[in-house]
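# Fold and contact review
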Amino acid sequence: MTTSRETDWMNHPVIRSLIDQAATLALEERITLVKGLVPGIADACSEEEYERFVTFIRLKGERYLEAKTHPGEGRAGRQVPGERDLEGR
């Protein structure tokens, strides 16, 4: 996982382990897992923070799909902005 100053404090090995475990689930189970996390995230966020979260999730998917269809081209030619682009980093 890549890190930034904002995420340096996180327990990345535990997060990676959870991601690896989730990857063993069937697609429908992974979708259910994500849906199960949403209410807790929404409760912990303001409306503005939640909208930003939803936008970042959508962009993450769009960036992945674009990169998958344009292998080896890197970020420079990317059509879909990344989270850091949106946050001015």
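Residues numbered from 1 in each chain as written. Predicted model: local features only at pLDDT ≥ 70, side-chain atom pairs only at ≥ 80, totals over all residues. Heavy atoms only, no water.

Broken down by element type, the chain carries four helices and zero strands. Mapped from its N terminus to its C terminus, the chain presents α and β elements in the order α-α-α-α. Residue burial in the chain is summarised as follows: out of 89 residues, 10% are buried. Put simply, of all contacts in the chain between residues at least 6 apart along the chain, 26% involve residues at least 24 apart. Accessible surface for the chain amounts to roughly 7300 Å². Of this, 59% is attributable to carbon and sulfur atoms. (Helix = DSSP H or I, 4+ residues; strand = E, 2+ residues; numbered from the N terminus. Buried < 20%, exposed > 50% of the residue type's maximum accessible area, 1.4 Å probe, protein only. Contact = heavy atoms within 4.5 Å. Areas by Shrake-Rupley, 256 points an atom, 1.4 Å probe, with all protein chains shown as cover.)

Let us now look at the confidence of the model for the chain. Chain-level statistics for the chain give a pLDDT mean of 85 and a share of 79% at 70 or above. Confidence scores differ between elements of the chain, with helix H4 (residues 83–86) showing the lowest mean pLDDT of 55 and helix H2 (residues 27–44) the highest of 97. (pLDDT = per-residue confidence, 0-100.)

Structural remark: α-helix, 3.6 residues per turn; residues separated by three or four positions point the same way. An ideal rise of 1.5 Å per residue puts 26 Å on 18 residues; H2 measures up with 26 Å between its terminal C-alpha atoms. The sharpest bend along H2 comes to roughly 25°, located at Val 38, with the proline Pro 39 sitting one to four residues further on. (Expected span 1.5 Å × (residues − 1). Bend = angle between axes of the 7 residues up to and from the residue.)

Across its 23 residues, helix H3 (residues 47–69) extends 33 Å between first and last C-alpha, which sits within 8% of the 33 Å expected from 1.5 Å per residue. Those residues of H3 that sit buried are Phe 56, Leu 59, Arg 63 and Glu 66.

What follows covers the packing of aromatic side chains. Per the stated rule, a full pass over the model turns up one aromatic pair. Residues Tyr 50 and Phe 53 carry aromatic rings whose centres are separated by 6.0 Å and whose planes lie at 45° to one another, so their mutual orientation is tilted. Of the two residues, Tyr 50 and Phe 53 are both situated in helix H3; the distance of three residues between them amounts to about one turn of the helix. Accessibility expressed as a relative area gives 23% for Tyr 50, which makes it partly exposed. (Phe/Tyr/Trp six-rings, centres within 6.5 Å; stacked < 30°, edge-to-face > 60°.)

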